[in-house]
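# Remarks on the overall topology
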Amino acid sequence: MRATLGALARHLLPGSCLLCGADSENTLLCQACSADLPHQATAVCPQCSIETSLGERCGTCLKSPPAFTRTIAAFRYDFPVDRLIQALKYSHQLPLANWFGGCLSEQIAADEHDLLLPLPLHPSRLRDRGFNQSVEIARAIHRRLGVPMNTDCLTRIRATPPQAALPLKERAKNVRGAFECTVNLSGKRILLIDDVMTTGSTLRECARILELHGAAQITLAVVARAQRH
Ligand SMILES: [Zn+2]
Ligand SMILES: [Zn+2]
């Protein structure tokens, strides 16, 4: 299945499952493949969604609490969700953004959030890719839940090397000062949206800026959360 996913993505037949090719009644994945996806464990840190033995707060959040109070994650960042996210980002499989947004929407209470903010890309990265996957996912959530969304007030002012290329310790330093917010968020309950949360350094830094601009509550919503193995 690993080798063929890319090929399937390129030759996707309408009405067939992206992963196995079976008839999926016009949804991206058939019921069997959907049920097999690596869903989040129930015992996770309530703040950053990393797996903990009894669902207690993790050491990292205890030692240096992030500005966000909760992370909603639809999946673990494991096969085949990792391939699906890569297909969205690098093979422009935009229907996946809508599908991911649907999965996340099921876990989001619309009346608990005032504003959806997708994690911005730096303009140079946006030019290269042609779209921001987080904006597309946020749009799908906005369409379903009706929570207002803003794609202008939060910007990435510094192009940073991709986090994946850096050792863990360097990641926090790498994103320091990378974001700017141009509006007063006083009293607003923010839902910050991204595709993948790996170490969380980028989302931590972004949430710190939102808090500085007055956000009353910050919740993260990510399609997939990487777990330590
Ligand atoms: Zn399938
Ligand atoms: Zn945590």
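To be clear, the structure that these remarks concern was listed above.
Residues numbered from 1 in each chain as written. Chains lettered and ligands numbered in written order. Predicted model: local features only at pLDDT ≥ 70, side-chain atom pairs only at ≥ 80, totals over all residues. Heavy atoms only, no water.

### Side note on the overall build of the chain
- Counting secondary structure elements, the chain contains nine helices and six strands.
- Relative to a compact globule of 229 residues, whose C-alpha radius of gyration would be 17 Å, the chain shows 17 Å and is just as compact.
- Across the 229 residues of the chain, 49% fall into the buried class.
- Once local pairs closer than 6 in sequence are excluded, the contacts in the chain between residues at least 24 apart make up 69%.
- Carbon and sulfur atoms form 52% of the exposed surface of the chain, whose accessible area is close to 11300 Å². (Helix = DSSP H or I, 4+ residues; strand = E, 2+ residues; numbered from the N terminus. Rg over C-alpha atoms; globule rule 2.2 N^0.38 Å. Buried < 20%, exposed > 50% of the residue type's maximum accessible area, 1.4 Å probe, protein only. Contact = heavy atoms within 4.5 Å. Areas by Shrake-Rupley, 256 points an atom, 1.4 Å probe, with all protein chains shown as cover.)

### A few points about the side chain of glutamine 133
- Tracing the sequence through the fold places glutamine 133 in helix H7 (residues 133-145).
- When residues no more than four places from it in sequence are discounted, the contact partners of glutamine 133 are Leu88, Lys89, Leu121 and Asp195.

### Concerning the coordination of the zinc ion (ligand 1)
- Looking at the zinc ion (ligand 1), one finds its protein donor set to be Cys17 (SG), Cys20 (SG), Cys30 (SG) and Cys33 (SG), positioned 2.3 Å from the metal centre.
- Donor residues for the zinc ion (ligand 1) sit on one chain with the sequence pattern C-x2-C-x9-C-x2-C.
- By relative accessible area, which is 1% here, cysteine 17 ends up buried.
- Residue class for cysteine 20 comes out partly exposed when judged on its relative accessible area of 39%. (Donors = N, O, S within 2.8 Å, 3.2 Å for Na, K, Ca; no water.)

### Here's the deal with the side chain of glutamate 205
- As for its position among the elements, glutamate 205 is in helix H9 (residues 201-212).
- Residue contacts for glutamate 205: discarding those within four places in its chain leaves Val175, Arg176, Gly177, Ala178 and Phe179.

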